[in-house]
Protein chains: 2
Amino acid sequence: MVFGNMGNDSCTGVAFTRNPGNGENKFYGEYLVNAQGEDVVAGIRTPAPVNQYSMNEQSKQYTSLEKLMPSLYKELFSYQKRLEQHYKDMQDIEFTIEKGKLYMLQCRVGKRNGIAAVRMASEMHKEKLIDAATAIMRVGPNQLVELLLPMIDPAVEIVTKPIAKGLPAGPGGARGRVVFTSDDSVAWAAKGEKVILVREETSPEDVDGMHKAQAILTTKGGMTSHAALVARGWGKCCIVGCSDIEIHNDTKTFHAKTGEIIKEGDWLSLNGTKGLVYEGSMALTDIDLAKNESYKYLMQLVDKIKQIGVRTNAETPEDAAHAMKFGAEGIGLFRTEHMFYGEGSEQPLFLLRKMIVSKTEAERRSALNELFKYVKKDIKDTMKVMKGYPVTIRLLDPPLHEFVPHDSDKLTRLGKELGISMSVLRRRVLALHENNPMLGHRGVRLGISFPEITEMQVRAILEATAEILKSGKKAFPEIMVPVTVTVNELIHQKEIVDRVYKEVCTKMKMKKIPYLYGTMIETPRAAIRAELMANVADFFSYGTNDLTQMSFGFSRDDIGGFLPKYLDLKILPYDPFQTIDQDGVGELVRAGITGGRKAKPHLKVGICGEHGGDADSVKFFHRLGMNYVSCSPFRVPIARLAAAQAAIENKK
Amino acid sequence: MVFGNMGNDSCTGVAFTRNPGNGENKFYGEYLVNAQGEDVVAGIRTPAPVNQYSMNEQSKQYTSLEKLMPSLYKELFSYQKRLEQHYKDMQDIEFTIEKGKLYMLQCRVGKRNGIAAVRMASEMHKEKLIDAATAIMRVGPNQLVELLLPMIDPAVEIVTKPIAKGLPAGPGGARGRVVFTSDDSVAWAAKGEKVILVREETSPEDVDGMHKAQAILTTKGGMTSHAALVARGWGKCCIVGCSDIEIHNDTKTFHAKTGEIIKEGDWLSLNGTKGLVYEGSMALTDIDLAKNESYKYLMQLVDKIKQIGVRTNAETPEDAAHAMKFGAEGIGLFRTEHMFYGEGSEQPLFLLRKMIVSKTEAERRSALNELFKYVKKDIKDTMKVMKGYPVTIRLLDPPLHEFVPHDSDKLTRLGKELGISMSVLRRRVLALHENNPMLGHRGVRLGISFPEITEMQVRAILEATAEILKSGKKAFPEIMVPVTVTVNELIHQKEIVDRVYKEVCTKMKMKKIPYLYGTMIETPRAAIRAELMANVADFFSYGTNDLTQMSFGFSRDDIGGFLPKYLDLKILPYDPFQTIDQDGVGELVRAGITGGRKAKPHLKVGICGEHGGDADSVKFFHRLGMNYVSCSPFRVPIARLAAAQAAIENKK
């Protein structure tokens, strides 16, 4: 809709009652003299601004309508005001002036970007044009992403051709120099370089390098691969499954299908919102949320209306603090195993490995005793930040062999420090191998095979809580048992908790340490048997990632092989790891809540899978009567907005 | 209950109204002169026989009661007859004679082994002592195993100490010389040696060696590991997860916890019913079922009463013929991929591999075209044996990389024959790797990614059927789509089936080729969405192995790490891969049937998981209203008996 100005008394124009680019309450528009429909569509002629406010670099040479036809402009201005007052929303208006007479051709609700949407919603509410519910419904939850993340400058992006396209795993924009290993990422970043880590796929050992990189680009994996999950957790730009490029590690290059060869150190820019990869360094926009008064105003309305709580998945004091700023009301998932990844994890990881390759309970207990202080400190540091908001701590979940080093160097060191021969060590490591680790010896199965692991963790949680309380501060842990299938597992682990609880109370000279005991519901069987589980559990937290994996028989790590085709052919309407599958997985969630609340009418129910940060899923969980959702820190505002919208939609 | 004879007019005895060892309708018992309760328990003295029939090697030196006290024996004989007639079952009788007077102390239903149970049930029915239903309820389904398999001679076993104990994966007894590789098993067997294959675990590449061995012993894996499943399918003796022994492949020995070191070539005897391993070669019993008139009589009664059908899981003409003899009424699961394992599979496997590492549809189609004739012949050969009974053919199910060779030699050959470089081949193989193949690119996901695979298989099935019909014989295939999660998959594959059907009808000049089109229900989501699935499927077949894996989140291959502890601690009452978990998995089965029959009231529903051969599970499936169960050939009689018992129990 662009128009040129040729100086005549006939013209056609398009205008917005407020600025659709930033939301400012200013009349904004352009017009073209002697224009027809075809000129409008062709966009060959540069349009003139309707007023001084609408003037830009291209149009400043033209006379504004306000100057050219002051009285008609005044008339137009008053109409647009009336239209907005009447429709109570920003209007996209088409008008024409023929022989000195103004005709209003049409008006409709105007499109706007996320930043503008938030500002208009807040300001129209302040102006009492709309009520709180209407203001909240005016902003698409995913539009908030634009306020939360830098992006590639749209003006630059529109004229640049991408060299590859992948899956948009982590939104926002980023630029940096290409590195191909996690170690290089750390090393280059230490020298002050901005880097983009390019890998076939990532594993927990890459976490440090991923953290130091501006963005991550992988050639394999789906929207819920390791890279995608970690990046989304941090709000980091990430593109995965980008099969348009082929990495050649030997020459430290990658080849794009379009022919470009990118070397280590070359600049790259990523649009993680669309999955686009560009050669070179492109300008980025940036936004400071703390200064965004409209955002803060809107979120206050949101919090008054929403009913379902919003927690975060976090396991470091930094992430927890970050999430608190974003409005989190607790931690819904603290993964105890995360202390074994990334910076500062060397010693605890070594002790964990020592425990893992132990053969006897005595050996294992000795390693666990050494590990104890690290685990306690880790939990305590984050719980302190949460200031008494509930912190749901999941007992050790992943298959143990995930932590065992596979490269020769690290194995040699482990063997040496443990004082066992390499052949014995190799045999023990081999014995841990599993064909389908996702369905293997993990979760509560570890706590039942090795009760001393549960014991150590529970002691760490309760002592950390007691110490915080004794220092006059608040703390409230929720102990969560993962991957359960039967109430008997909960009974077995509860005996350990009860015993340790008494011991800690005695040691800390306390009569009571507050805590809850609950379970993940993440296997289909747990959902089916929920009524019995609720007899022992104080709360349920749905692990919808695993529940989706098991209900579909889709491994998150392996969906890259077939899911794209499923989505292309519309065999599935969307990626069920992104938006909850209401008809299938959702039925199990529903059945589990119904069952659980049959046993305990006020059973606390939450969800801590990736779906906790997806707007449609949050609305579904609201309808099912959940108490809270939990998502990565960055998605907390999105979940809060979705929660408020759910409350409004449900009232109707 | 053993007694000695010291010549006096007081004595105490135990007798059975029929022989509890073989079921013969002969009065059988022993007595001890001047005996007290304590003598009876101690069993120090050798008892005397009550009559000539009861005499054995140890007791032949003593005078029988019949000879010693003829009139009292006559009295006893008539009482026992009356007691059996009254109670209508074999009685275990205690009597005493004091000062020439006979006192009947007690009587109760006598214990008997499987062989005796079958004979008594059949003969009592022939004698019109009991009705058919009673006869059928008299035999425990698992007692039939004793009639179907050789066992270690009980007399020898009772005096021998086992050197190790594992999980009883395949019942029966076996003896042979120890070998540690599949190749050795094949080579030694070719020289006429009886061997026992001892491995840490087995994989599809071991199938030939497993087939040639008398029995299989593994140190790892659970009751549903590869070794256990394959062995049970053949009715072969097998012990798995035997962690009491440690294999040393370097010295070709294994060390037992008890201290024994067994070398290659040493003799070993296994009791697969109890999981016991013995050193040396022990005598085996053997039974010819064809000559067992009682068995045949009982099974005729069974077939008149049972309502649910019994099919078999088979994919060779030999297995199919075997199952037909055991009374199978069709094939419930023909795994198309089994032609790529074992003897004669070299060329088809090579073509399959060629297809797998193809990059373009054209390459893949060319490999599939070559493969076609093998697939058609494979299906046709077995369908012919089944003489018009339905044959459910499952489309390709396993993840493709399962078929790719991993050793260097085979890879080199593959690369050479395919005319691609080793680095290209390695990259293609690597790309097929999955973290959790059970939840990966398998089942219908293959058919959707590569529709040409489905097309080739469907063409083979329909052409094979047409050719059999044209030769004047009968054939009835049921095309089954595996690992579905949504009706859209069924619609997608049905379009291929419909198109190929028309092409085959034209080519074969036939107006109609009979077939059904259906789906496995083996993901929780499929069970939940069954109503929609039934709109397209003519039948459902429950894959309860996978359904159990996904409902519990238990990988069958990896349960060895935790399931033994779960069973020990009674966290689970039994192995859910052996007996269906009625409360959890069973609820999904029930929901799927209800949903499916809502859409199609006469929907044909069966089950083809391992549970089809488990008596308790068969009874559960009967109660759910399934049309048939399908199990390995060897378990067909057990399933038939269980089916009849279910019909009887349900009538009450």
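Thresholds, definitions, all that
- Residues numbered from 1 in each chain as written.
- Chains lettered and ligands numbered in written order.
- Predicted model: local features only at pLDDT ≥ 70, side-chain atom pairs only at ≥ 80, totals over all residues.
- Heavy atoms only, no water.
- Helix = DSSP H or I, 4+ residues; strand = E, 2+ residues; numbered from the N terminus.
- Rg over C-alpha atoms; globule rule 2.2 N^0.38 Å.
- Buried < 20%, exposed > 50% of the residue type's maximum accessible area, 1.4 Å probe, protein only.
- Contact = heavy atoms within 4.5 Å.
- Areas by Shrake-Rupley, 256 points an atom, 1.4 Å probe, with all protein chains shown as cover.
- Lys, Arg positive; Asp, Glu negative; His and termini not counted.
- Charge placed at Lys NZ, Arg CZ, Asp CG, Glu CD.
- Pairing = 2+ DSSP bridges.
- Axes fitted to C-alpha atoms, helices over the stretch in contact; angles between N-to-C directions.
- Phe/Tyr/Trp six-rings, centres within 6.5 Å; stacked < 30°, edge-to-face > 60°.
- Lys NZ or Arg CZ within 6 Å of the ring centre and 35° of its normal.
- Core = buried A, V, L, I, M, F, W, Y, C linked by side-chain atoms within 4.5 Å.
- Domains from an automatic or database assignment.
- Buried area = accessible area lost by both parts, 1.4 Å probe.
- Polar contact = N/O pair within 3.5 Å; in protein donor to acceptor, adjacent residues only side chain to side chain.
- Nonpolar A, V, L, I, M, F, W, Y, C, P; charged D, E, K, R; others polar.
- Least-squares fit on C-alpha atoms with pLDDT ≥ 70 in both.
- Salt bridge = Lys/Arg side-chain N within 4 Å of Asp/Glu carboxyl O.
- Disulfide = S-S within 2.5 Å.
- Parallel < 35°, antiparallel > 145°, perpendicular 65-115°, else oblique.
- Left-handed = near helix turned anticlockwise from the far one by under 90°.

Asks: So what exactly am I meant to see when it comes to the overall build of chain A here?
Replies: Summing up its helical and strand segments, chain A has 26 helices and 26 strands in all. For 652 residues, the compact-globule estimate of 2.2 N^0.38 gives 26 Å, and chain A sits close to it at 28 Å. When the backbone C-alpha atoms are referred to their principal axes, chain A occupies close to 95 × 60 × 50 Å. By residue count, 58% of the 652 residues in chain A fall in the buried class. At a minimum sequence separation of 6, the contacts of chain A that also span at least 24 residues come to 66%. For chain A, the exposed surface amounts to about 26400 Å²; the carbon and sulfur share of it is 51%. Charge centroids of chain A, computed over 87 positive and 80 negative side chains, lie 6 Å from each other.

Asks: What's the story with the sheet that holds strand E9 (residues 173–179) of chain B in this structure? I'm lost.
Replies: Hydrogen bonds between backbone atoms are what pair the strands of a sheet, whose relative direction is either parallel or antiparallel. Residues and elements named next belong to chain B. On the basis of which strands lie adjacent, the open sheet formed by eight strands has the order E7-E17-E16-E9-E10-E11-E12-E8 and mixed pairing. Only two strands of the sheet have a single neighbouring strand rather than two, namely strand E7 (164–165) and strand E8 (167–170). Here E9 runs beside strand E16 (residues 267–271); their pairing, made up of five bridges, is antiparallel. Opposite Gly 176, over in E16, you have Leu 268 as the bridge partner.

Asks: Explanation requested: the sheet that holds strand E15 (residues 261–263) of chain A in the structure shown.
Replies: Residue and element names in this part refer to chain A. Here three strands make up an open sheet; going across it, the order is E13-E14-E15 and the pairing antiparallel. Each of the sheet's edge strands pairs with one partner strand only, and the pair in question is strand E13 (245–248) and E15. Between one strand and the next, the sheet's axes are offset by a mean angle of 20 degrees, whatever the strand orientation. In this sheet, strand E14 (residues 253–256) lies alongside E13 in antiparallel orientation, the contact comprising four bridges. In the sheet register, His 248 faces E14, and the bridge partner there is Thr 253.

Asks: When you look at the pairing of strand E26 (residues 628–631) of chain B in this model, what are you seeing that I'm missing?
Replies: Looking along a regular strand, one sees side chains alternate from face to face of the sheet. Residues and elements named next belong to chain B. Alternating residues of E26 divide into Tyr 628 and Ser 630 and Val 629 and Cys 631, and every residue in both groups is buried. When strand E19 (residues 309–313) meets E26, the two strands line up parallel, connected through four bridges. Each residue of the ladder has a partner; that of Val 310, found in E26, is Val 629. Where strand E25 (residues 604–607) meets E26, two bridges bridge the pair, whose relative direction is parallel. Bridged to Ile 607 within E26 is Val 629.

Asks: Would you mind going over the packing of aromatic side chains with me for this structure?
Replies: Working definition: an aromatic ring pair is given by the centre-to-centre distance plus the angle between the planes. All told, the structure shown has 24 aromatic pairs over all chains when counted by the stated rule. With 6.0 Å between their ring centres and 55 degrees between their planes, A:Phe620 and A:Phe621 make a pair best called tilted. In terms of burial, A:Phe620 and A:Phe621 fall into one category: buried. An aromatic cluster is present here, built from A:Phe552, A:Phe554, A:Phe562 and A:Tyr566 joined pairwise through their rings. When the ring centre of A:Tyr517 is taken as origin, the NZ or CZ atom of A:Lys494, which lies over that ring, is 5.7 Å away. Over the ring of B:Tyr297 we find B:Lys126, and its NZ or CZ is 4.9 Å from the ring centre.

Asks: Can you walk me through the nonpolar core in this structure?
Replies: A general feature of soluble globular proteins is that nonpolar side chains tend to end up buried together. With 277 residues, the main nonpolar core has A:Phe540 and A:Tyr542 as its most contacted residues. Once you skip the residues sitting within four places of it in the chain, A:Phe540 turns out to touch A:Thr519, A:Ile521, A:Ala530, A:Met533, A:Ala534, A:Gly592, A:Gly596, A:Leu603, A:Lys604, A:Val605 and A:Gly606.

Asks: What's the story with the domain arrangement of chain A in this structure? I'm lost.
Replies: Put simply, an interface is often sized by how much accessible area is lost when its parts join up. All names here are of chain A. Taken as a whole, chain A is organised into domain 1 (11–111), domain 2 (151–285) and domain 3 (306–338 + 361–402 + 440–651). Domain 2 puts eight residues into the contact, and the matching count from domain 3 is 10 residues. In total, about 1000 Å² of surface goes out of reach between domain 2 and domain 3, with carbon and sulfur atoms giving 57% of it. The tally of links between domain 2 and domain 3 comes to zero residue pairs in polar contact (both at pLDDT 80 or more). Of the residues belonging to the side of domain 2 that touches domain 3, the class tally is three nonpolar, four polar and one charged.

Asks: Help me understand the relation of the copies chain A and chain B in this model?
Replies: What relates the two chain copies is a rotation about an axis together with a slide along it. Aligned on chain B, chain A shows an RMSD of 0.1 Å; the corresponding rotation is 180 degrees and the shift along the axis is 0.1 Å. Taken together, the turn and the small shift mark the pair as related by a two-fold rotation axis. A shared interface surface links the copies, since 100% of the contact residues of chain A are contact residues in chain B too.

Asks: Where do I start with the interface of chain A and chain B in this structure?
Replies: On the chain B side, the residues contacting the 49 residues of chain A number 49 residues. Overall, the association of chain A and chain B removes approximately 4200 Å² of surface from exposure, summing both partners, and the carbon and sulfur fraction of that is 56%. Looking only at chain A, the three residues that lose the most surface to chain B are A:Asn436, A:Leu439 and A:Arg525, adding up to 15% of its buried area. Inspection of the chain A/chain B interface yields four salt bridges. The partner of B:Arg525 in a salt bridge is A:Asp581, with the nearest N and O atoms 2.7 Å apart. Summed over the shared surface of chain A and chain B, the result is 22 residue pairs in polar contact (both at pLDDT 80 or more).

Asks: What's the story with the state of the cysteines in this structure? I'm lost.
Replies: All names here are of chain B. Using the criterion set out here, one finds zero disulfides over all chains in the structure. Not part of a disulfide, Cys 11 finds its nearest cysteine sulfur in Cys 107, a span of 18 Å. In this structure Cys 11 comes out as buried when scored by relative accessible area, which is 2%. Cys 237 provides the cysteine sulfur closest to Cys 238, a residue in no disulfide bond, and the two sulfurs are 7.3 Å apart. Its relative accessible area of 0% is what places Cys 238 among the buried residues.

Asks: I would appreciate a short explanation of the packing of helix H25 (residues 615–623) of chain B against helix H26 (residues 636–651) of chain B in the present structure.
Replies: Residue and element names in this part refer to chain B. The contact between H25 and H26 brings their axes to 8 Å, and the two run at 50 degrees. Taken together, the axis directions place H25 and H26 in an arrangement best described as oblique. Pair H25 / H26 crosses with right-handed handedness. Facing H25, whose interface residues are Ala 615, Val 618, Lys 619, His 622 and Arg 623, H26 presents Ala 639, Ala 642, Ala 643, Gln 645, Ala 646, Ala 647, Glu 649 and Asn 650.

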